[in-house]
Amino acid sequence: MDTIIAALPYLMAGLKVTLYIFFFSIIFGFLVGLVTALMRLTSIKPLNWIAKVFVDIVRGTPFIVQLFFIYFGLNGLDFISLDRTVAGILTVSLNAGAYFSEIIRAGIQSIDKGQTEAARSLGLTQAHTMRFIVLPQAFRRMLPTITNQSIISFKDTSLLSIIGIADIVQKGKVQASTTFQPFEIWLTVGVIYFIVIYLLSVLASFVERRFVLR
Amino acid sequence: MTLIQVQNLKKSFGELEVLKDINVAIQEREVVCVIGPSGSGKSTFLRCLNRLEDITGGHVIIDGQDITDPKLDINKIRQNVGMVFQQFNLFPHMTVLQNIMLAPMKLGKGDKESLEKKALELLAKVGLSDKAKGYPGELSGGQKQRVAIARALAMDPKIMLFDEPTSALDPEVVGDVLAVMKQLAVEGMTMVVVTHEMGFAREVGDRVIFMDGGYIVEENIPKELFGNPQEVRTQAFLSKVL
């Protein structure tokens, strides 16, 4: 027990880094997902193609390879220099973005065509229709799947410790090797992850209940 | 004055030719009912009038402007052409009032207060003043359709298009919707109504168009078309539905 109490401040410092990276990754990831989903749905062929290739590449390769490619691979080029935190956020954002892209695309396509027709028949532009009619309804439907992907991405951040980011897993490694009590330390790390993810899902179901009333 | 002029209108979905050669002129304040068997192209014809369907060939001239011209801003035309759908297509995430006010708000038709006042007047007109703060999911089919009519009217259209507005309704509420439409007709709205309600077509229509196989087979004043149809196909159709 003493070991755990002594290790907690370090682990909490690591959790802060994990949450920080997660926060920015989800925001950027959602934006990447939204933009690429809209690219998939336009009638402009090159944009469809770029978005599809992006999603296919991310889905077709392991997260760890994406991380190594961005941090070691891109940094190996003379004209690129990425801080490890930037590389970490970039990798999680792009990875989550590809999955968000498919979720958002499916959400948009699930909205009845009649909604768009009604809005357009009133003289609203395509952009207005997307913003005020389709996306708000699609977003409500997407919430559970978005929550799910966010939790997966949250757990993916644990892999960033491999490139030396001082997240909770990295801190756990240090604590486990300095205290020689890996059982207590990794149990604590696991419990912390569990609690944070539980709180995230409680928050998500609260948001869902607020929005999915209709 | 001619508000809608349709010349040699053709519409195909891939290989399937749905409208073959439609020619018709509709005057201001005229109420034209379009009847015909399912698959005759009557809904497609209506949807070409505000270009919800891409037009394959010919011309559709609305209030002097050819909407087949690709350079034309179709959104401007649509602001003057209201449409009511069989499936209502109300926006379920907005209140009844928001449904009615959205388009005029976003298209700069006035300030919030005056638009709200107008929306409430329209709701009163369709007999649903008490539903302003409700959501579409709380309304019956007949109420939904009347809100949809109010929503279309909020843009002050010159023309109203109705695509089988009562086909998805329970029989006992059809009358409420038809009454609102009749009131509009009396007030002088130019209307094109695709319908199966022969009673409405006979009573309210100035002219009835019978379509079959992608053509206008016959058109006449209701009394003549229903009482004395000239074409064999019209006679066959009417003998089944009347």
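Refer to the structure above for everything that follows.
Residues numbered from 1 in each chain as written. Chains lettered and ligands numbered in written order. Predicted model: local features only at pLDDT ≥ 70, side-chain atom pairs only at ≥ 80, totals over all residues. Heavy atoms only, no water.

Caption draft 1: The arrangement of the side chain of arginine 146 of chain B in detail. With respect to the element layout, arginine 146 of chain B can be found in helix H5 (residues 141–153). If near-sequence neighbours (up to four positions away) are discounted, arginine 146 of chain B is found in contact with Val126, Gly127, Leu128, Asp176, Val177 and Val180 of chain B. (Helix = DSSP H or I, 4+ residues; strand = E, 2+ residues; numbered from the N terminus. Contact = heavy atoms within 4.5 Å.)

Caption draft 2: Up close: the interface of chain B and chain A. Chain B puts 24 residues into the contact, and the matching count from chain A is 19 residues. For the pair chain B and chain A, the summed buried area comes to about 1900 Å², and 63% of that belongs to carbon and sulfur atoms. When the area that chain B buries against chain A is broken down by residue, the three leading residues are Phe91, His93 and Lys106 of chain B, summing to 28%. Run the count over chain B and chain A and you get one salt bridge. A salt bridge links glutamate 117 of chain A to arginine 47 of chain B; the shortest N-O distance between them is 2.6 Å. (Buried area = accessible area lost by both parts, 1.4 Å probe. Salt bridge = Lys/Arg side-chain N within 4 Å of Asp/Glu carboxyl O.)

Caption draft 3: Up close: the side chain of threonine 91 of chain A. Within the element layout of this structure, threonine 91 of chain A appears in helix H4 (residues 84–109). Once residues lying within four places of it in the same chain are set aside, the contact partners of threonine 91 of chain A are Phe63, Gln66, Leu67 and Ile70 of chain A.

Caption draft 4: Quick peek at unusual backbone geometry. Residue and element names in this part refer to chain B. A positive phi angle, close to 60 degrees, is found at arginine 51, a residue other than glycine. The residue aspartate 63 is not glycine, and still its phi comes out positive at about 50 degrees. In this structure, aspartate 63 sits in the loop between strand E4 (57–62) and strand E5 (65–66). Classification of aspartate 63 as partly exposed rests on a relative accessible area of 28%. (Buried < 20%, exposed > 50% of the residue type's maximum accessible area, 1.4 Å probe, protein only.)

Caption draft 5: Quick peek at the sheet that holds strand E3 (residues 31–35) of chain B. Residue and element names in this part refer to chain B. With mixed pairing, six strands are arranged side by side in an open sheet as E6-E7-E8-E3-E9-E10. Each having just a single partner strand, strand E6 (81–84) and strand E10 (215–220) make up the two edges of the open sheet. Neighbouring strand axes in the sheet, compared pairwise and without regard to direction, differ in orientation by 20 degrees on average. Pairing analysis gives four bridges linking E6 to strand E7 (residues 159–163), with the strands arranged parallel. If you follow glycine 82 over to E7, its bridge partner there is methionine 160. Across the sheet, H5 touches E6 and E7, and the angle it forms with E6 is around 170 degrees. Its contacts with the sheet put helix H6 (residues 171–186) on E3, E7 and strand E8 (190–194), and the angle it makes with E8 is roughly 145 degrees. (Pairing = 2+ DSSP bridges. Axes fitted to C-alpha atoms, helices over the stretch in contact; angles between N-to-C directions.)

Caption draft 6: Fine view of the packing of helix H3 (residues 63–73) of chain A against H4 of chain A. All names here are of chain A. Put simply, H3 and H4 touch, their axes get as near as 9 Å, and they point 140 degrees apart. Between H3 and H4, the crossing angle belongs to the class labelled oblique. Seen along the crossing, H3 lies across H4 with a hand that is right-handed. Between H3, through Phe63, Gln66, Leu67, Ile70 and Tyr71, and H4, the contact on the second element is made entirely by Arg84, Ala87, Gly88, Leu90, Thr91, Val92, Leu94 and Asn95. (Parallel < 35°, antiparallel > 145°, perpendicular 65-115°, else oblique. Left-handed = near helix turned anticlockwise from the far one by under 90°.)

Caption draft 7: Molecular detail of the nonpolar core. Residue and element names in this part refer to chain B. Grouped together as the largest cluster of nonpolar side chains are 50 residues, with contacts concentrated most on Ile149, Met160 and Met191. Among the elements that take part in this core, H6 stands out by supplying eight residues, more than any other. The contacts of methionine 160, once residues within four sequence positions are left out, are Gly82, Val84, Ile149, Ala152, Leu153, Leu184, Met189, Thr190, Met191 and Val192. Counting residues in hydrophobic clusters, the runner-up holds 43 residues, among them Ile22, Val60, Ile74 and Val192. (Core = buried A, V, L, I, M, F, W, Y, C linked by side-chain atoms within 4.5 Å.)

Caption draft 8: A look at the pattern of salt bridges. Residues and elements named next belong to chain B. Across all of its chains, the model carries 17 salt bridges over all chains by this definition. Note that lysine 42 and glutamate 164 form a salt bridge whose closest N and O atoms lie 3.9 Å from each other. Pair noted here: lysine 42 is in helix H1 (residues 42–48) and glutamate 164 is in the loop between E7 and H6, with a separation of 122 residues, a long-range link. Comparing lysine 42 with glutamate 164 shows no difference in burial state: the two are buried.

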